[in-house]
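Residue strings, one per chain:
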Amino acid sequence: MGAPAIRAWSWVHKWTSLICTLFMLLLCLTGLPLIFHHEISHWLGDDIEAPALTAEQAAQAGRTPVNLDDLAAAARARYPDRVIQFAGPNEDDDRLWWFTMTPTPAPTDDFKSIAVDARTGQVVGDYKVGEGFMDLMLRLHVDLFVGLPGKLFLGLMGLLLLVALISGVVLYAPFMRKLAFGDVRRDRSTRVQWLDLHNLLGIVTLVWCFVVGATGMINTWADLLVKYWQYDQLSTVLAPYKDEPVIPVDQRGSLQQAMDNALRQATDMKVSFIAFPGTAYSSPHHHTVFLKGATPLKSKLLSPMLMDARTSTLTVAPELPWYLTALLVSQPLHFGDYGGMPMKVLWALLDLATLVVLGSGVYLWVRKPQGARTRAATAALQEALQE
């Protein structure tokens with residue numbers, strides 16, 4: 001590259017890095033406990049666990065499994081002034097089913113989530129919603145407590161991170177051409193040592209940062225992608241039910257039968273969650289049963305089955321478009337949920353290394369006055385262009 005190109009790439013790398021660094025530090029700090037959110041919630045006692053059954057209860061559960069309609073009835077009895085929006089088996093323990101209860105089927109932040117024992121049909125307790133350490137970390141990480149605008153803003157910061165990574169790769173070769181890979185010049189000043197460490201950790205964590213940054217950016221578009229799917233595809237499928245009111249609970253068919261009929265369409269899959277009539281993922285006339293695969297990768301790919309709420313029969317099983325598939329794959333990949341504890345530990349180590357890269361970048365910028373900063377950049381540029 002010539003001098004003008006290096007100057008341009010240096011300017012891009014400097015300003016995209018500086019603009020997004022503060023928010024990337026926040027995301028790395030909040031993302032670190034979220035990698036182990038299941039383990040931390042269990043340690044803090046925030047998880048709800050299935051209670052031990054007496055011998056008589058276990059025998060009864062083995063003879064006559066509790067019907068899903070009875071589980072839903074138990075949830076409604078807990079909060080009779082609310083409706084069920086979503087329900088599904090607990091991801092870590094299918095002996096429990098969770099039910100999301102809201103004032104209306106419309107999207108809202110006013111919801112309660114309860115756990116019902118699938119063996120006995122008894123309500124076990126309420127999940128902690130909107131409180132506690134993990135919820136604070138999640139809200140800061142996802143939307144900065146400001147909803148969709150916060151998500152889109154963090155998505156923009158993620159885009160700047162990707163540009164900073166690309167520009168850093170472009171500049172790595174000309175600026176590091178005279179140093180061996182991984183060389184940290186310990187005989188030089190503290191600032192030079194931090195510069196070498198910054199470059200080393202930056203190039204080592206490059207792929208991980210790019211993957212996590214890209215998947216995080218995609219995740220911030222989740223609400224918009226779902227709305228577009230509803231407008232682009234579901235609106236056509238559900239056009240005959242567009243102006244119909246939400247079917248009342250007492251006019252709906254068996255929820256258990258709807259789930260069983262959906263599972264018959266794909267015998268190698270299991271239920272991920274169910275969206276009730278009138279909610280964002282369904283229609284006023286349907287229960288939407290979302291099925292997932294059995295393998296770690298396929299378990300993140302969902303197949304929706306729209307079941308008629310009155311007859312519990314299949315109306316349509318639309319294929320998810322590519323952009324929703326990308327969203328579903330990106331969500332667990334972002335937090336390292338694919339490979340169990342070894343992958344979580346790897347994600348945590350790379351997260352810590354990225355914190356060092358971000359912190360050292362700020363240190364290198366703050367420690368040098370503007371005049372020295374300009375002279376150093378010019379000297380580095382001249383050295384990079386020497387044969």
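It should be noted that the structure appears before, not after, this text.
Scope of this entry: the structure provided in the associated data block. (Residues numbered from 1 in each chain as written. Predicted model: local features only at pLDDT ≥ 70, side-chain atom pairs only at ≥ 80, totals over all residues. Heavy atoms only, no water.)

### Structural notes on the packing of helix α1 (residues 3–35) against helix α12 (residues 340–366)
- Closest axis-to-axis distance for the α1/α12 pair is 9 Å, and the angle between their directions is 150 degrees. The interaxial crossing formed by α1 with α12 has left-handed handedness. Contacts between α1 and α12 involve Lys14, Leu18, Thr21, Met24, Leu25, Cys28, Leu29, Gly31, Leu32 and Ile35 from the former and Lys344, Trp347, Ala348, Asp351, Leu352, Thr354, Leu355, Leu358, Gly359, Val362 and Trp365 from the latter. (Axes fitted to C-alpha atoms, helices over the stretch in contact; angles between N-to-C directions. Helix = DSSP H or I, 4+ residues; strand = E, 2+ residues; numbered from the N terminus. Left-handed = near helix turned anticlockwise from the far one by under 90°. Contact = heavy atoms within 4.5 Å.)

### Focus on the nonpolar core
- Ranked by internal contacts, the top residues of the largest apolar core, which has 29 residues, are Cys20, Met24, Leu165, Trp208 and Trp347.
- For this core, the secondary structure elements donating two or more residues are α1, α5 (133–142), α6 (148–176), α8 (206–219) and α12.
- Each residue touching methionine 24, except ones within four places of it in the same chain, is listed here: Met157, Gly158, Leu161 and Leu358.
- Among the nonpolar cores identified, the runner-up in size contains 26 residues, and Ala72, Tyr79, Ala87 and Met305 belong to it. (Core = buried A, V, L, I, M, F, W, Y, C linked by side-chain atoms within 4.5 Å. Buried < 20%, exposed > 50% of the residue type's maximum accessible area, 1.4 Å probe, protein only.)

### Focus on the packing of aromatic side chains
- Using the criterion set out here, one finds twelve aromatic pairs in the structure.
- Centroid distance phenylalanine 86 to phenylalanine 273: 6.1 Å. Interplanar angle 75 degrees. Geometry classified as edge-to-face. Of the two residues, phenylalanine 86 sits in strand β1 (residues 83–89) while phenylalanine 273 sits in strand β5 (residues 270–275), which places them 187 residues apart along the sequence.
- Overall, the relative accessible area of 16% leaves phenylalanine 86 in the buried class.
- Relative to tyrosine 281, the ring of phenylalanine 273 lies with its centre 6.1 Å away and its plane at 85 degrees, an arrangement referred to as edge-to-face.
- For tyrosine 281, a relative accessible area of 29% translates into the label partly exposed.
- Linked through ring pairs, Phe86, Phe273, Tyr281 and Phe290 together constitute an aromatic cluster. (Phe/Tyr/Trp six-rings, centres within 6.5 Å; stacked < 30°, edge-to-face > 60°.)

### Regarding the pairing of β1
- Among the seven residues that make up β1, six are buried, leaving the element largely enclosed by the rest of the structure.
- With six bridges connecting them, β1 and strand β2 (residues 96–102) associate as antiparallel partners. Each bridged residue has a counterpart across the sheet, and for alanine 87 the counterpart in β2 is phenylalanine 99.
- Where β1 folds back on β2, the antiparallel hairpin that results is connected by six residues.
- As judged from the two bridges shared by β1 and β5, these two strands associate in the antiparallel manner. (Pairing = 2+ DSSP bridges.)

### A short note on the side chain of arginine 252
- Position of arginine 252 among the secondary structure elements: in the loop between α9 (222–237) and α10 (255–265).
- Aspartate 250 provides the closest opposite charge to the buried, unpaired arginine 252, separated from it by 7.6 Å.
- With residues near it in sequence (within four places) discarded, arginine 252 still touches Arg76, Val246, Ile247, Phe276, Pro277, His287, Ala309 and Arg310. (Lys, Arg positive; Asp, Glu negative; His and termini not counted. Salt bridge = Lys/Arg side-chain N within 4 Å of Asp/Glu carboxyl O.)

### As for helix α4 (residues 68–78)
- Those residues of α4 that fall on the buried side of the exposure criterion are Leu68, Leu71, Ala72, Ala74 and Ala75. Looking down the long axis of α4, one finds its buried residues gathered within 155 degrees of arc, a one-sided arrangement.
- Contact partners of the buried residues in α4: β1, β2, β3 (112–117), β4 (123–126), α10 and β5.
- With a side-chain oxygen lying 2.7 Å from the backbone nitrogen of aspartate 69, the N-terminal cap of α4 falls on asparagine 67. (Arc of directions from axis to C-beta. Polar contact = N/O pair within 3.5 Å; in protein donor to acceptor, adjacent residues only side chain to side chain.)

### Some thoughts on the pattern of salt bridges
- Evaluation of the coordinates by the stated rule reveals seven salt bridges.
- Notably, a salt bridge pairs arginine 95 with aspartate 93, separated by 2.9 Å at the nearest N-O pair.
- Look at aspartate 93 and you get buried, because its relative accessible area is 16%.
- With a shortest N-O distance of 3.1 Å, lysine 151 and aspartate 223 are connected by a salt bridge. A residue pair is termed long-range when its members are at least 10 positions apart, and lysine 151 in helix α6 and aspartate 223 in helix α9 qualify at 72 residues.

### Quick look at the environment of valine 142
- Locating valine 142 in the fold gives a position in helix α5.
- Judged by relative accessible area, which is 31%, valine 142 ranks as partly exposed.
- Residues valine 142 and threonine 220 lie 78 residues apart in sequence; the distance between their C-alpha atoms is 7.5 Å.
- Discounting chain neighbours no more than four positions away, the residues touching valine 142 are Lys151 and Leu154.

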